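Single-letter residue listing:
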Amino acid sequence: MIDKEILDVLVCPEDRTPLHVADEDLLARLNTAIAAGKVENRGAAKVEAAVQGGLVRQDGKLLYPIVDDIPVLLVEEAISLEQIDG
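Keep in mind the model is a prediction, meaning the values are calculated, not measured.

## Details of the overall build of the chain
Piece 1. From N to C terminus, the chain includes 3 helices and 5 strands.
Piece 2. For the chain, the succession of helices and strands along the chain, N to C, is α-β-α-β-β-β-β-α.
Piece 3. Computed over its C-alpha atoms, the radius of gyration of the chain comes to 12 Å, within 12% of the 12 Å expected for a compact globule of 86 residues.
Piece 4. By residue count, 36% of the 86 residues in the chain fall in the buried class.
Piece 5. Working note: accessible area of the chain is about 5,200 Å², and carbon and sulfur atoms make up 51% of it.

Printed below as a string of structure tokens:
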């Protein structure tokens, strides 16, 4: 997926904290919520497609999707992970 050397330099564009690769459990829970129509990105657009991969902010609050092996590091495309636990 993402080369370790590249991952080591990627940071959240909002607060500049490190990012880590989302685990399979988190992606499964997120995709269940997406399928139920319960997920919006920070730009207030409904997320309709399943997420195949993502980078999670250090505090665990946001996920930046990975699309076609490219991290989408735009604040408005980030997904608040609080939506999947509530």
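## Observations regarding the layout of surface pockets
Piece 1. Reported here for the largest pocket is a volume of approximately 210 Å³.
Piece 2. V47, A49, V51, P65 and V67 are the residues nearest the centre of the largest pocket, which is lined by 14 residues in total.
Piece 3. With 3 residues, strand 3 (residues 62-67) is the largest single contributor of residues to the lining of the largest pocket.
Piece 4. Tallied by class, residues from the lining of the largest pocket come to 9 nonpolar, 2 polar and 3 charged.

Definitions and limits used
Residues numbered from 1 in each chain as written. Predicted model: local features only at pLDDT ≥ 70, side-chain atom pairs only at ≥ 80, totals over all residues. Heavy atoms only, no water. Helix = DSSP H or I, 4+ residues; strand = E, 2+ residues; numbered from the N terminus. Rg over C-alpha atoms; globule rule 2.2 N^0.38 Å. Buried < 20%, exposed > 50% of the residue type's maximum accessible area, 1.4 Å probe, protein only. Areas by Shrake-Rupley, 256 points an atom, 1.4 Å probe, with all protein chains shown as cover. 1 Å grid on protein atoms, 1.4 Å probe; cavity = no way out; pocket = protein on both sides within 12 Å on 5 of 7 lines; lining within 4 Å. Points joined across faces, edges and corners; volume = space filled by probe spheres on them. Nonpolar A, V, L, I, M, F, W, Y, C, P; charged D, E, K, R; others polar.

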